[in-house]
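A structural walkthrough
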Amino acid sequence: MLDNLTNRLAQVVKTLRGQARLTEDNIADMLREVRMALLEADVALPVVKDLMVRIKEKALGQEVVGSLTPGQALVGVVQQELALIMGGSQASLNFATQPPAIILMAGLQGAGKTTTVGKLAKYLKEKQRKKVLTVSCDVYRPAAIAQLQAVSAQAGAEFFPSSADQKPVDIALAAIDYAKRHYLDVLLVDTAGRITIDEQMMDEIRQLHAAIKPIETLFVVDAMLGQDAVNTARAFNEALPLTGVVLTKLDGDSRGGAALSVRHVTGAPIKFTGVGEKLGGLDEFHPERMASRILG
Ligand code: GDP
(Lines give C-alpha, C1' and ligand atoms only; values in the text may rest on other atoms or scores of the structure.)
Protein backbone atom coordinates (compact mmCIF):
# COMPACT_ATOMS: atom_id res chain seq x y z
CA MET A 1 0.00 0.00 0.00
CA LEU A 2 2.84 2.37 0.78
CA ASP A 3 4.43 1.75 -2.61
CA ASN A 4 2.00 3.97 -4.41
CA LEU A 5 3.11 7.25 -2.96
CA THR A 6 4.04 10.11 -5.16
CA ASN A 7 7.65 11.20 -5.00
CA ARG A 8 6.44 14.25 -3.27
CA LEU A 9 4.88 12.36 -0.40
CA ALA A 10 7.86 10.04 -0.27
CA GLN A 11 10.17 13.02 0.21
CA VAL A 12 8.22 14.25 3.19
CA VAL A 13 8.09 10.76 4.58
CA LYS A 14 11.90 10.79 4.62
CA THR A 15 12.13 14.08 6.46
CA LEU A 16 10.06 12.64 9.28
CA ARG A 17 12.42 9.81 10.06
CA GLY A 18 13.54 9.28 13.62
CA GLN A 19 10.53 10.84 15.39
CA ALA A 20 8.48 8.65 17.67
CA ARG A 21 5.15 10.39 17.65
CA LEU A 22 3.02 12.33 15.17
CA THR A 23 2.75 15.93 16.27
CA GLU A 24 1.26 19.11 14.85
CA ASP A 25 4.78 20.24 13.89
CA ASN A 26 6.12 17.16 12.26
CA ILE A 27 3.03 16.43 10.18
CA ALA A 28 2.34 19.97 8.95
CA ASP A 29 4.39 19.63 5.73
CA MET A 30 3.04 16.21 5.08
CA LEU A 31 -0.55 17.35 5.51
CA ARG A 32 0.08 20.15 3.05
CA GLU A 33 1.23 17.61 0.48
CA VAL A 34 -1.78 15.41 1.14
CA ARG A 35 -4.07 18.40 0.66
CA MET A 36 -2.37 19.22 -2.65
CA ALA A 37 -2.65 15.63 -3.79
CA LEU A 38 -6.39 15.60 -3.03
CA LEU A 39 -7.00 18.88 -4.84
CA GLU A 40 -4.96 17.72 -7.82
CA ALA A 41 -7.05 14.56 -7.90
CA ASP A 42 -10.07 16.88 -8.29
CA VAL A 43 -11.63 16.15 -4.94
CA ALA A 44 -14.09 18.98 -4.25
CA LEU A 45 -12.76 21.69 -1.90
CA PRO A 46 -15.33 21.32 0.92
CA VAL A 47 -14.66 17.59 0.90
CA VAL A 48 -10.91 18.17 1.09
CA LYS A 49 -11.37 20.51 4.05
CA ASP A 50 -13.50 18.02 5.91
CA LEU A 51 -11.07 15.24 5.18
CA MET A 52 -8.06 17.18 6.38
CA VAL A 53 -9.75 17.81 9.74
CA ARG A 54 -10.47 14.13 10.14
CA ILE A 55 -7.01 13.04 9.10
CA LYS A 56 -5.36 15.48 11.47
CA GLU A 57 -7.53 14.40 14.39
CA LYS A 58 -6.78 10.77 13.76
CA ALA A 59 -3.06 11.29 13.26
CA LEU A 60 -2.19 13.55 16.17
CA GLY A 61 -0.68 11.75 19.11
CA GLN A 62 -0.45 8.45 17.26
CA GLU A 63 2.57 6.49 18.31
CA VAL A 64 4.82 5.24 15.60
CA VAL A 65 5.15 1.53 16.03
CA GLY A 66 7.51 -1.11 14.74
CA SER A 67 9.70 -0.36 11.78
CA LEU A 68 7.49 2.42 10.45
CA THR A 69 8.74 5.97 10.17
CA PRO A 70 6.35 8.72 11.30
CA GLY A 71 5.83 9.64 7.66
CA GLN A 72 4.79 6.12 6.83
CA ALA A 73 2.52 6.05 9.85
CA LEU A 74 0.82 9.22 8.65
CA VAL A 75 0.45 7.89 5.14
CA GLY A 76 -1.17 4.84 6.67
CA VAL A 77 -3.64 7.07 8.50
CA VAL A 78 -4.39 9.02 5.32
CA GLN A 79 -4.96 5.89 3.25
CA GLN A 80 -7.18 4.36 5.91
CA GLU A 81 -9.22 7.50 6.28
CA LEU A 82 -9.73 7.87 2.52
CA ALA A 83 -10.75 4.24 2.20
CA LEU A 84 -13.09 4.60 5.15
CA ILE A 85 -14.77 7.65 3.68
CA MET A 86 -15.33 5.67 0.50
CA GLY A 87 -17.09 2.97 2.46
CA GLY A 88 -14.27 0.90 3.91
CA SER A 89 -14.98 -2.32 2.12
CA GLN A 90 -16.36 -3.43 -1.20
CA ALA A 91 -20.18 -3.07 -1.55
CA SER A 92 -22.11 -5.52 -3.71
CA LEU A 93 -25.46 -5.32 -5.43
CA ASN A 94 -28.49 -6.24 -3.38
CA PHE A 95 -30.58 -9.08 -4.77
CA ALA A 96 -32.66 -9.74 -1.66
CA THR A 97 -36.03 -9.43 -3.36
CA GLN A 98 -38.54 -11.40 -5.40
CA PRO A 99 -37.17 -11.63 -8.94
CA PRO A 100 -36.71 -9.68 -11.00
CA ALA A 101 -34.28 -7.55 -9.02
CA ILE A 102 -34.91 -4.16 -10.59
CA ILE A 103 -31.90 -1.91 -11.07
CA LEU A 104 -32.67 1.69 -12.08
CA MET A 105 -29.90 3.70 -13.71
CA ALA A 106 -29.84 7.47 -13.21
CA GLY A 107 -27.45 10.15 -14.38
CA LEU A 108 -26.79 12.92 -16.87
CA GLN A 109 -26.72 12.30 -20.59
CA GLY A 110 -23.29 11.10 -21.63
CA ALA A 111 -22.42 9.84 -18.14
CA GLY A 112 -22.25 6.32 -19.52
CA LYS A 113 -25.61 4.87 -18.42
CA THR A 114 -26.36 2.83 -21.52
CA THR A 115 -22.80 1.55 -21.78
CA THR A 116 -22.91 0.66 -18.08
CA VAL A 117 -26.17 -1.26 -18.55
CA GLY A 118 -24.38 -3.33 -21.20
CA LYS A 119 -21.37 -3.82 -18.93
CA LEU A 120 -23.53 -4.75 -15.96
CA ALA A 121 -25.59 -7.16 -18.06
CA LYS A 122 -22.41 -8.92 -19.13
CA TYR A 123 -21.03 -8.92 -15.59
CA LEU A 124 -24.24 -10.31 -14.09
CA LYS A 125 -24.57 -12.94 -16.77
CA GLU A 126 -20.96 -14.13 -16.72
CA LYS A 127 -19.92 -13.61 -13.11
CA GLN A 128 -23.21 -14.24 -11.34
CA ARG A 129 -25.07 -16.48 -13.78
CA LYS A 130 -28.10 -14.20 -13.79
CA LYS A 131 -30.74 -14.05 -16.50
CA VAL A 132 -30.87 -10.40 -17.42
CA LEU A 133 -33.47 -8.26 -19.20
CA THR A 134 -32.74 -4.69 -20.26
CA VAL A 135 -35.18 -1.92 -21.11
CA SER A 136 -34.81 1.70 -22.16
CA CYS A 137 -37.15 4.37 -20.81
CA ASP A 138 -35.43 7.08 -22.86
CA VAL A 139 -38.39 8.08 -25.00
CA TYR A 140 -36.70 11.26 -26.18
CA ARG A 141 -33.89 9.70 -28.15
CA PRO A 142 -34.80 6.73 -30.36
CA ALA A 143 -31.05 6.33 -30.93
CA ALA A 144 -30.64 5.60 -27.22
CA ILE A 145 -33.13 2.73 -27.43
CA ALA A 146 -31.30 1.31 -30.45
CA GLN A 147 -27.97 1.72 -28.62
CA LEU A 148 -29.29 -0.25 -25.66
CA GLN A 149 -30.58 -2.96 -27.99
CA ALA A 150 -27.11 -3.23 -29.54
CA VAL A 151 -25.18 -3.42 -26.25
CA SER A 152 -27.68 -5.90 -24.83
CA ALA A 153 -27.19 -8.21 -27.81
CA GLN A 154 -23.43 -7.89 -27.35
CA ALA A 155 -23.76 -8.71 -23.66
CA GLY A 156 -26.01 -11.68 -24.37
CA ALA A 157 -28.89 -10.17 -22.40
CA GLU A 158 -32.54 -10.08 -23.40
CA PHE A 159 -33.80 -6.70 -24.54
CA PHE A 160 -37.37 -5.47 -24.00
CA PRO A 161 -38.36 -3.17 -26.90
CA SER A 162 -39.79 0.29 -26.30
CA SER A 163 -40.60 3.28 -28.48
CA ALA A 164 -40.75 7.07 -28.36
CA ASP A 165 -44.56 7.20 -28.23
CA GLN A 166 -44.76 5.33 -24.92
CA LYS A 167 -44.60 6.62 -21.35
CA PRO A 168 -41.52 5.67 -19.31
CA VAL A 169 -43.60 4.22 -16.45
CA ASP A 170 -45.70 2.09 -18.84
CA ILE A 171 -42.56 0.77 -20.53
CA ALA A 172 -40.95 -0.20 -17.24
CA LEU A 173 -44.08 -1.87 -15.86
CA ALA A 174 -44.49 -3.91 -19.05
CA ALA A 175 -40.84 -4.98 -18.79
CA ILE A 176 -41.32 -6.06 -15.17
CA ASP A 177 -44.34 -8.09 -16.19
CA TYR A 178 -42.37 -9.74 -18.99
CA ALA A 179 -39.44 -10.50 -16.66
CA LYS A 180 -41.79 -12.13 -14.14
CA ARG A 181 -43.50 -14.27 -16.73
CA HIS A 182 -40.17 -15.43 -18.15
CA TYR A 183 -38.49 -16.04 -14.79
CA LEU A 184 -35.70 -13.56 -15.41
CA ASP A 185 -33.50 -12.63 -12.44
CA VAL A 186 -32.59 -9.01 -13.10
CA LEU A 187 -34.17 -6.09 -14.94
CA LEU A 188 -31.84 -3.23 -15.84
CA VAL A 189 -33.78 -0.02 -16.49
CA ASP A 190 -31.98 2.62 -18.55
CA THR A 191 -33.36 6.15 -18.34
CA ALA A 192 -33.21 9.44 -20.18
CA GLY A 193 -30.60 11.96 -19.19
CA ARG A 194 -30.17 15.65 -19.96
CA ILE A 195 -27.02 17.61 -20.55
CA THR A 196 -27.77 19.52 -17.37
CA ILE A 197 -30.05 18.79 -14.47
CA ASP A 198 -33.62 19.99 -15.04
CA GLU A 199 -36.74 19.63 -12.97
CA GLN A 200 -38.73 17.84 -15.64
CA MET A 201 -36.15 15.10 -15.90
CA MET A 202 -35.93 14.78 -12.12
CA ASP A 203 -39.73 14.54 -11.85
CA GLU A 204 -39.84 11.88 -14.49
CA ILE A 205 -37.25 9.66 -12.86
CA ARG A 206 -38.82 10.23 -9.44
CA GLN A 207 -42.16 8.99 -10.79
CA LEU A 208 -40.48 6.06 -12.47
CA HIS A 209 -38.78 5.16 -9.21
CA ALA A 210 -42.06 5.34 -7.28
CA ALA A 211 -43.82 3.13 -9.83
CA ILE A 212 -41.23 0.35 -10.13
CA LYS A 213 -39.66 0.41 -6.63
CA PRO A 214 -36.20 -0.76 -7.66
CA ILE A 215 -34.02 -2.62 -5.17
CA GLU A 216 -31.03 -0.74 -6.57
CA THR A 217 -30.95 2.83 -7.80
CA LEU A 218 -27.53 3.44 -9.25
CA PHE A 219 -26.23 6.91 -9.95
CA VAL A 220 -23.91 6.82 -12.95
CA VAL A 221 -21.35 9.61 -12.98
CA ASP A 222 -18.43 10.49 -15.20
CA ALA A 223 -15.19 10.58 -13.19
CA MET A 224 -13.84 13.18 -15.60
CA LEU A 225 -16.42 15.66 -14.30
CA GLY A 226 -14.14 16.24 -11.33
CA GLN A 227 -15.46 19.05 -9.18
CA ASP A 228 -18.75 19.27 -11.09
CA ALA A 229 -19.58 15.73 -10.05
CA VAL A 230 -20.53 17.12 -6.64
CA ASN A 231 -23.44 19.25 -7.87
CA THR A 232 -24.80 16.51 -10.09
CA ALA A 233 -24.52 13.99 -7.27
CA ARG A 234 -26.30 16.32 -4.86
CA ALA A 235 -29.22 16.89 -7.25
CA PHE A 236 -29.72 13.19 -7.94
CA ASN A 237 -29.36 12.32 -4.29
CA GLU A 238 -32.08 14.82 -3.38
CA ALA A 239 -34.41 13.43 -6.04
CA LEU A 240 -33.88 9.71 -5.44
CA PRO A 241 -32.88 7.34 -2.63
CA LEU A 242 -29.64 6.24 -4.26
CA THR A 243 -28.35 2.82 -3.26
CA GLY A 244 -25.08 2.98 -5.13
CA VAL A 245 -22.84 4.77 -7.57
CA VAL A 246 -21.07 3.71 -10.75
CA LEU A 247 -18.06 5.87 -11.52
CA THR A 248 -17.38 5.75 -15.26
CA LYS A 249 -14.50 6.80 -17.51
CA LEU A 250 -11.81 6.05 -14.98
CA ASP A 251 -9.60 5.17 -17.92
CA GLY A 252 -8.99 8.83 -18.73
CA ASP A 253 -6.70 11.28 -16.99
CA SER A 254 -8.93 11.36 -13.94
CA ARG A 255 -7.26 10.44 -10.67
CA GLY A 256 -10.66 9.53 -9.33
CA GLY A 257 -11.20 12.36 -6.87
CA ALA A 258 -14.86 12.34 -7.90
CA ALA A 259 -15.15 9.03 -6.05
CA LEU A 260 -14.48 10.76 -2.75
CA SER A 261 -16.69 13.73 -3.48
CA VAL A 262 -19.64 11.70 -4.70
CA ARG A 263 -19.49 9.32 -1.78
CA HIS A 264 -19.23 12.23 0.63
CA VAL A 265 -22.22 14.04 -0.86
CA THR A 266 -24.56 11.08 -1.37
CA GLY A 267 -23.49 8.68 1.36
CA ALA A 268 -24.16 5.94 -1.20
CA PRO A 269 -21.42 3.36 -1.75
CA ILE A 270 -19.59 3.25 -5.05
CA LYS A 271 -20.31 -0.23 -6.31
CA PHE A 272 -18.54 -0.28 -9.67
CA THR A 273 -16.08 1.62 -11.79
CA GLY A 274 -16.16 1.73 -15.56
CA VAL A 275 -13.15 1.80 -17.84
CA GLY A 276 -13.26 2.07 -21.63
CA GLU A 277 -16.11 1.57 -24.05
CA LYS A 278 -15.89 -2.22 -24.25
CA LEU A 279 -18.39 -4.24 -22.25
CA GLY A 280 -15.67 -6.03 -20.29
CA GLY A 281 -14.67 -2.71 -18.70
CA LEU A 282 -16.52 -2.86 -15.40
CA ASP A 283 -14.79 -3.47 -12.08
CA GLU A 284 -16.05 -3.91 -8.57
CA PHE A 285 -15.03 -0.90 -6.55
CA HIS A 286 -12.30 -1.29 -3.95
CA PRO A 287 -11.99 1.71 -1.61
CA GLU A 288 -8.39 1.04 -0.61
CA ARG A 289 -7.22 0.82 -4.24
CA MET A 290 -9.00 4.05 -5.03
CA ALA A 291 -7.37 5.71 -2.02
CA SER A 292 -3.96 4.85 -3.48
CA ARG A 293 -4.96 6.13 -6.89
CA ILE A 294 -6.24 9.42 -5.49
CA LEU A 295 -3.03 10.00 -3.54
CA GLY A 296 -1.16 9.39 -6.80
P1 GDP B 1 -25.55 7.81 -21.45
O2 GDP B 1 -25.99 9.00 -22.24
O3 GDP B 1 -25.45 8.12 -20.00
O4 GDP B 1 -26.34 6.59 -21.71
O5 GDP B 1 -24.05 7.52 -21.91
P6 GDP B 1 -23.46 6.45 -22.94
O7 GDP B 1 -23.48 5.09 -22.37
O8 GDP B 1 -24.13 6.64 -24.27
O9 GDP B 1 -21.95 6.90 -22.99
C10 GDP B 1 -21.55 8.16 -23.52
C11 GDP B 1 -20.19 8.00 -24.18
O12 GDP B 1 -19.22 7.64 -23.19
C13 GDP B 1 -20.15 6.88 -25.21
O14 GDP B 1 -19.33 7.30 -26.28
C15 GDP B 1 -19.53 5.71 -24.45
O16 GDP B 1 -18.85 4.84 -25.31
C17 GDP B 1 -18.58 6.44 -23.53
N18 GDP B 1 -18.31 5.71 -22.26
C19 GDP B 1 -19.18 5.17 -21.39
N20 GDP B 1 -18.55 4.62 -20.34
C21 GDP B 1 -17.23 4.81 -20.55
C22 GDP B 1 -16.03 4.48 -19.81
O23 GDP B 1 -16.06 3.89 -18.71
N24 GDP B 1 -14.85 4.87 -20.37
C25 GDP B 1 -14.80 5.54 -21.56
N26 GDP B 1 -13.60 5.90 -22.03
N27 GDP B 1 -15.87 5.86 -22.26
C28 GDP B 1 -17.08 5.50 -21.78
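- The protein has the name Signal recognition particle protein in an unreviewed UniProt entry, where Uliginosibacterium aquaticum is given as its organism.
- Its UniProt record gives the protein the following Subcellular location (unreviewed entry) comment, quoted word for word: "Cytoplasm".
- One UniProt comment on the protein, placed under Catalytic activity (unreviewed entry), says "GTP + H2O = GDP + phosphate + H(+)".

**Notes on the overall build of the protein**
- Each helix and strand in the protein was counted, giving 11 helices and eight strands.
- A compact globule built from 296 residues would reach a C-alpha radius of gyration of about 19 Å, and the protein, at 21 Å, matches this within 12%.
- Principal axes of the C-alpha set define a box for the protein whose edges measure 70 × 40 × 30 Å.
- Split into buried and exposed, the 296 residues of the protein put 52% on the buried side.
- Counting every atom, the protein has about 13,200 Å² of accessible surface; 50% of that belongs to carbon and sulfur.
- Between the averaged position of the 33 positive side-chain charges in the protein and that of its 33 negative side-chain charges there is a distance of 3 Å.

**Some details on the packing of aromatic side chains**
- All told, the structure shown has three aromatic pairs when counted by the stated rule.
- Considering the side-chain rings of Tyr123 and Phe272, the 5.1 Å spacing of their centres and the 75 degrees angle between planes classify their relative orientation as edge-to-face. Taken together, the positions of Tyr123 in helix H5 (residues 113–128) and Phe272 in strand E7 (residues 270–274) put the pair 149 residues apart, joining distant regions of the chain.
- Residue Tyr123 is classed as buried on the basis of its relative accessible area, which comes to 10%.
- If you follow Arg194 out to its NZ or CZ, it ends over the ring of Tyr140, 4.8 Å from the centre.

**A word on the UniProt feature "domain: SRP54-type proteins GTP-binding" (unreviewed entry) in the protein**
- Per the UniProt record, "domain: SRP54-type proteins GTP-binding" (unreviewed entry) is found at residues 269–282.
- Helix and strand shares over residues 269–282 are 0% and 43% respectively, and the end C-alpha atoms of the span are 16 Å apart.

**Here we look at the site of the ligand**
- The ligand sits among 17 residues. The nearest are Gly110, Lys113, Thr114, Thr115 and Asp251.
- In the model, an oxygen atom of the ligand is placed 3.0 Å from a nitrogen or oxygen of the Lys249 main chain.
- Within the backbone of Gly274, a nitrogen or oxygen atom sits 3.3 Å from an oxygen atom of the ligand.
- Considered on its own, the ligand offers 570 Å² of accessible surface; in the complex 80% of this is hidden by protein.
- Broken down by element, the residue count for the shell around the ligand peaks at four residues, all from H5.

**Some remarks on the sheet that holds strand E1 (residues 101–106)**
- What the eight strands build is an open sheet, ordered E3-E2-E4-E1-E5-E6-E7-E8; its pairing is mixed. Strand pairing shows two members of the sheet lacking a second neighbour, strand E3 (158–160) and strand E8 (282–284), which therefore form its edges. Mean inter-strand twist for the sheet, computed between neighbouring axes without regard to direction, equals 25 degrees.
- Here five bridges tie strand E2 (residues 132–136) to strand E4 (residues 186–190), and the two strands are oriented parallel to one another. What sits directly across from Thr134, in E4, is Leu188.
- Sitting on the sheet, H5 touches E1, E2, E4, strand E5 (216–222), strand E6 (244–248), E7 and E8, and the angle it makes with E4 is about 170 degrees.

**Observations regarding the packing of helix H8 (residues 199–212) against helix H9 (residues 229–239)**
- At a closest axis distance of 10 Å, the pairing of H8 and H9 adopts a crossing angle of 45 degrees. Between H8 and H9, the interaxial angle falls into the category oblique. Considering the relative orientation of H8 and H9, their crossing is right-handed. Where H8 abuts H9, its residues Met201, Met202 and Arg206 lie against Ala235, Phe236 and Ala239.
- The residue inventory of the contact of H8 with H9, partitioned by class, reads five nonpolar, no polar and one charged.

**Let's talk about the packing of helix H3 (residues 45–59) against helix H10 (residues 257–266)**
- Two elements in contact, H3 and H10, have axes separated by 10 Å at closest approach and are oriented at 85 degrees. Taken as axis vectors, H3 and H10 run roughly perpendicular relative to one another. Along the contact surface, H3 presents Val47, Asp50 and Leu51, while H10 presents Leu260, Ser261 and His264.
- Per-class residue counts for the contact of H3 with H10 are three nonpolar, two polar and one charged.

**Quick notes on unusual backbone geometry**
- In this model, Pro99 is joined to Pro100 through a cis peptide bond whose omega is 0 degrees.
- Structurally, Pro100 can be placed in the loop between helix H4 (70–85) and E1.
- The phi dihedral of Arg129 falls on the positive side, at around 55 degrees, and the residue is not glycine.
- Along the chain, Arg129 turns up in the loop between H5 and E2.

**Topic: H9**
- Residues of H9 that are buried include every one of Ala229, Val230, Thr232, Ala233, Ala235, Phe236 and Ala239, and no others.
- Against E1, H8, E5 and H10 lie the buried residues of H9.

Calculation criteria
- Residues numbered from 1 in each chain as written.
- Predicted model: local features only at pLDDT ≥ 70, side-chain atom pairs only at ≥ 80, totals over all residues.
- Heavy atoms only, no water.
- UniProt positions renumbered as here; feature names shortened; annotations may be inferred.
- Helix = DSSP H or I, 4+ residues; strand = E, 2+ residues; numbered from the N terminus.
- Rg over C-alpha atoms; globule rule 2.2 N^0.38 Å.
- Buried < 20%, exposed > 50% of the residue type's maximum accessible area, 1.4 Å probe, protein only.
- Areas by Shrake-Rupley, 256 points an atom, 1.4 Å probe, with all protein chains shown as cover.
- Lys, Arg positive; Asp, Glu negative; His and termini not counted.
- Charge placed at Lys NZ, Arg CZ, Asp CG, Glu CD.
- Phe/Tyr/Trp six-rings, centres within 6.5 Å; stacked < 30°, edge-to-face > 60°.
- Lys NZ or Arg CZ within 6 Å of the ring centre and 35° of its normal.
- Near = heavy atom within 4 Å.
- Polar contact = N/O pair within 3.5 Å; in protein donor to acceptor, adjacent residues only side chain to side chain.
- Pairing = 2+ DSSP bridges.
- Axes fitted to C-alpha atoms, helices over the stretch in contact; angles between N-to-C directions.
- Contact = heavy atoms within 4.5 Å.
- Parallel < 35°, antiparallel > 145°, perpendicular 65-115°, else oblique.
- Left-handed = near helix turned anticlockwise from the far one by under 90°.
- Nonpolar A, V, L, I, M, F, W, Y, C, P; charged D, E, K, R; others polar.

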